[in-house]
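Now for the letters of each chain:
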Amino acid sequence: MQERVLIVDDEEDLRYIYTRQLRSDGYLLDTAADGEEAIQKIHENEYAVILTDMRMPRKDGLAVIAAAREHLPDAEIIVLTGHGSLENALQAFKAGNIFEYLLKPLDDIGVLNTVVARALERRNLRKHNRELFEQLQRAYEELRQKSEALIQQEKMSAIGTLAAGVAHELNNPLTAVVGFAQMIAEKLRASRPENWSETEYERALQSLDNLVQGAHRARDIVGSLLRFARASKPEARTLVDINQVLRDAFLFTEHLFLRHGITLEKLLAPELPPVWGNAARLQHVFTNLLINAQQATPNGGVVRVITERAEEPKGVWTHVEDTGHGLAPDDLAKIFEPFYTRKEEGTGLGLSIAKQIVEEHGGEIRVFSELGKGARFSVFLPATEAHALDPEQDRPRATAAA
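Residues numbered from 1 in each chain as written. Predicted model: local features only at pLDDT ≥ 70, side-chain atom pairs only at ≥ 80, totals over all residues. Heavy atoms only, no water.

A word on helix α2 (residues 35-44)
No. 1: Residues of α2 that are buried include every one of Gly35, Ala38, Ile39 and Ile42, and no others. When α2 is viewed along its axis, its buried side chains cluster within an angular range of 100° and face the same direction.
No. 2: Considering only its buried residues, α2 is in contact with β1 (4-8), β2 (28-32), β3 (49-52) and α3 (61-71).
No. 3: Its side-chain oxygen placed 3.1 Å from the backbone nitrogen of glutamate 36, aspartate 34 serves as the N-cap of α2. (Buried < 20%, exposed > 50% of the residue type's maximum accessible area, 1.4 Å probe, protein only. Helix = DSSP H or I, 4+ residues; strand = E, 2+ residues; numbered from the N terminus. Arc of directions from axis to C-beta. Contact = heavy atoms within 4.5 Å. Polar contact = N/O pair within 3.5 Å; in protein donor to acceptor, adjacent residues only side chain to side chain.)

Describing the nonpolar core
No. 1: Formed by 35 residues in total, the largest nonpolar core has its most connected members in Ile242, Leu282, Phe286, Leu289, Leu290, Phe377 and Leu381.
No. 2: Beyond its immediate chain neighbours, meaning those up to four positions away, leucine 289 contacts Val320, Leu351, Ile365, Phe377 and Val379.
No. 3: By size, the runner-up hydrophobic cluster in this structure holds 20 residues, among which are Ile42, Val64, Leu72 and Ile98. (Core = buried A, V, L, I, M, F, W, Y, C linked by side-chain atoms within 4.5 Å.)

Some thoughts on the packing of helix α7 (residues 242-259) against helix α8 (residues 279-296)
No. 1: Orientation of α7 relative to α8, taken along the N-to-C sense of each, is 40°, at an axis distance of 9 Å. Pair α7 / α8 crosses with right-handed handedness. Taking contact as the criterion, the partners of Ile242, Val245, Leu246, Asp248, Ala249, Phe250, Phe252, Thr253, Leu256 and Phe257 in α7 are, on α8, Ala279, Leu282, Gln283, Phe286, Thr287, Leu290, Ile291 and Gln294.
No. 2: Considered class by class, the residues forming the contact of α7 with α8 number 13 nonpolar, four polar and one charged. (Axes fitted to C-alpha atoms, helices over the stretch in contact; angles between N-to-C directions. Left-handed = near helix turned anticlockwise from the far one by under 90°. Nonpolar A, V, L, I, M, F, W, Y, C, P; charged D, E, K, R; others polar.)

A few points about the pairing of strand β10 (residues 314-322)
No. 1: The buried fraction of β10 is high, at eight of nine residues.
No. 2: Here strand β9 (residues 302-311) runs beside β10; their pairing, made up of nine bridges, is antiparallel. The partner of glutamate 311 across the bridge, within β10, is lysine 314.
No. 3: Connecting β9 to the next strand, β10, in antiparallel fashion are two residues.
No. 4: Bridge analysis of β10 against strand β12 (residues 375-382) gives seven bridges, and the strand direction is antiparallel. Following the sheet pairing, valine 316 is matched in β12 by leucine 381. (Pairing = 2+ DSSP bridges.)

Notes on helix α1 (residues 12-23)
No. 1: Spanning 12 residues, α1 covers 16 Å between terminal C-alpha atoms, matching the ideal 16 Å at 1.5 Å per step.
No. 2: Where α1 is concerned, the buried positions are Leu14, Arg15, Tyr18, Thr19 and Leu22. The buried side chains of α1 occupy one side of the element, clustering within an arc of 130° when seen end-on. Exposed residues lying more than 90 degrees from the buried face of α1 are Glu12, Asp13, Tyr16, Arg20 and Arg23. (Expected span 1.5 Å × (residues − 1).)

Regarding the packing of α8 against helix α10 (residues 350-360)
No. 1: Across the interface, α8 lies against α10 with an axial gap of 9 Å and an inter-helix angle of 145°. The two elements α8 and α10 meet at a crossing, and its hand is left-handed. When α8 is examined against α10, the residues Arg281, Leu282, His284, Val285, Asn288, Leu289 and Asn292 are found in contact with a partner set consisting of Gly350, Leu351, Ile353, Ala354, Ile357, Val358 and Glu360.
No. 2: Residue composition of the contact of α8 with α10, grouped by class: eight nonpolar, four polar and two charged.

Notes on the pattern of salt bridges
No. 1: Tallied over the full model, the rule gives 17 salt bridges.
No. 2: A salt bridge links arginine 304 to glutamate 265, with the nearest nitrogen and oxygen atoms 2.8 Å apart. One end of the pair, arginine 304, is in strand β9; the other, glutamate 265, is in strand β7 (residues 263-268), and 39 residues separate them in sequence.
No. 3: According to the relative accessible area criterion, arginine 304 is partly exposed, its value standing at 26%.
No. 4: A relative accessible area of 28% means that glutamate 265 is categorised as partly exposed.
No. 5: Note that glutamate 370 and lysine 373 form a salt bridge whose closest N and O atoms lie 3.5 Å from each other.
No. 6: Glutamate 370 sits in the partly exposed class, given a relative accessible area of 48%. (Salt bridge = Lys/Arg side-chain N within 4 Å of Asp/Glu carboxyl O.)

Observations regarding the sheet that holds β2
No. 1: Taken in spatial order, the five strands make up an open sheet running β2-β1-β3-β4-β5, and their pairing is parallel. Edge positions in the open sheet fall to β2 and β5 (100-103), since each of these has one partner strand only. The mean angle between the axes of side-by-side strands here comes to 15°, regardless of whether they run parallel or antiparallel.
No. 2: Relative to strand β4 (residues 76-81), β3 runs parallel, the two sharing four bridges. Considered in β4, the bridge of isoleucine 50 is made with isoleucine 77.

Some details on unusual backbone geometry
No. 1: Residue glutamate 312 is joined to proline 313 through a cis peptide bond whose omega torsion reads -10°.
No. 2: Phi is positive for lysine 59, close to 80°, though the residue is something other than glycine.
No. 3: Positionally, lysine 59 belongs in the loop between β3 and α3.
No. 4: Backbone geometry at glutamate 271 places phi at a positive 55°, although glycine is not the residue there.
No. 5: Mapping glutamate 271 onto the fold places it in the loop between β7 and β8 (275-277).

In structure tokens form, the structure reads like this:
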């Protein structure tokens, strides 16, 4: 690509001489008769090198240097002046990081070609170094993201192992609690103790019912822990019911909504197509979205979870809506970036990991929000028909249409 050079001098003969001298090197050459014309051209064009006189009518060389530094920071500047002095040189260097300061008339006009060529070499080297630095930064960010994701996967695997052990340890005592509570309730319903009042009798039966319900809820949580443990490895995939994944996520988060006086509405569509995926990792996504929605919603607000079937492309949409303060446009643009957070103690990894997990499943995650109108996070996951599953390989098989 031809480099563009701007020659600025109020003497027409010098502009002609400089242009003729540099034309043989193949540059695209523009000229300006004073500082004001030069500044106009700097606004309109991309110059690699600017040769400028210092003393000119209608804005001097210092103004040209300042304009170049503002609009063309990569341009190299060469000062050619017939009024050379230490003061002028200091002013020029203070105005911008100029490449060379030459006095007119030049003893050898050929030196102009050498100086311009060296200036271009420095400019291109600086650009190349900056590009390398940017590539290094991108590689570092990618490595950091992968490292954080790997750490997260290891944590999930460790939590899964722990969850399996806890679940197995809890199953037996929970079974005993439910069995004994039901046995005592049956005996009491068959015969009320003679020394109990009617109020005491009804209160005891209600307490036993509450005990059984609590034990059943604990058993559901244990079942969720076991499902999480079985799918705690990222590569472990099965046919997944998104509604069941959400119910498991509700078990772990519903107490947060109750504690903060927030209504959790569940609008789960029946008979959704299954998704081929990792249930534990998808539960991680929805648990994160639910916790974020709870934290964004004031007391008395509403968080709504909606699932619906999608036809084109075929799959499942899950929406998590809150009635919080919403997100500013700047936040929306960065919300899925690693380490970006608006929380004082947040890590900024939750949504970036959620996005990564969703994309691992061939899906996508979107966010819609306006300030003062809450936020809506929508997750799409492609469906897998049950008849497309290969039971021997325990993975989807290619269909004829594929």
